[in-house]
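Results of the structural survey
Residue-level listing of the chains:
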Amino acid sequence: MHVRTKWWAPAALGAVGAVLLTGCQSAPGGGSEGEGRLGDRAAAVSPSPLRTAGYGAVFLAVDECSSFGRTSFTEISCASERAAARVVARHDGTARDGPRCPATTDFVLHISEQRPSSDEDGDGAVPQGYACMRHLQPPHPGDPGGGGGPRTIVGDCVYELGDGKVRETACDGSGEEEPEFEVTRAVATRAACPASTALYVRLGGTTPVGCARPV
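The sections below set out a description of the structure shown in this document. Treat the numbers as computed from the prediction; the structure is a model and nothing was measured.

1. Some thoughts on unusual backbone geometry
The linkage connecting Pro-138 with the following residue, Pro-139, adopts the cis geometry, with an omega of 5 degrees. Phi at Leu-60 takes a positive value of approximately 50 degrees, unusual for a residue other than glycine. Of note, Asp-63 is a non-glycine position whose phi angle comes to about 80 degrees, a positive value. Among the structural elements, Asp-63 can be located in the loop between strand 2 (20-22) and strand 3 (65-68).

2. As for the environment of Arg-151
Residue position: Arg-151 is located in the loop between strand 7 (129-135) and strand 8 (157-162). The partly exposed category is assigned to Arg-151, whose relative accessible area is 21%. Once the C-alpha coordinates of Arg-151 and Ala-103 are considered, the two residues, 48 residues apart in sequence, prove to be 6.5 Å apart. Of note is the side chain of Arg-151, whose polar atom sits 2.7 Å from the backbone oxygen of Cys-101.

About the thresholds
- Residues numbered from 1 in each chain as written.
- Predicted model: local features only at pLDDT ≥ 70, side-chain atom pairs only at ≥ 80, totals over all residues.
- Heavy atoms only, no water.
- Helix = DSSP H or I, 4+ residues; strand = E, 2+ residues; numbered from the N terminus.
- Buried < 20%, exposed > 50% of the residue type's maximum accessible area, 1.4 Å probe, protein only.
- Polar contact = N/O pair within 3.5 Å; in protein donor to acceptor, adjacent residues only side chain to side chain.

Here it is in structure tokens:
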């Protein structure tokens, strides 16, 4: 029985459909390079122009929505026809150190800290944080077997890259690579996996071991 672990290098993230973006406010319309869901395009979260737009006291708070632009993601009313994704969880700090996003999160937006020098009362300040996003319409890559999302969960499929590494792909074969294994159970230790387990996948959390079988 071979042991494999989930590989979350930046190149892998773009391939499975997760979005890791760094919001960087320089000038209106400016942005920084980041992994993008659609064609790995440059993208950014731009909080400053939206602070007076009336969408709430917190930039991209829970239940608020964002649009998908050609080069950026912006906060927008969920009633707008341009609204594309909703915030399902919002945390300060970094995703590496903070709480995990919900299991079926489609992608994560990482938001850079911004404290304008002209701001005197703190209303325009945006702390570093991250928003866990869910598309308003299918497809949902974060769903079990969807082939993407920031987390690997029970029901997801993977294929081997070699050197003990795997990458997620859609279970229905619609991805660029055919699925080789499906995660059927999440357990605390490898010993708790069933005898039919052919691959171990690192999931993290309180049940960090994924038991996978061939498909």
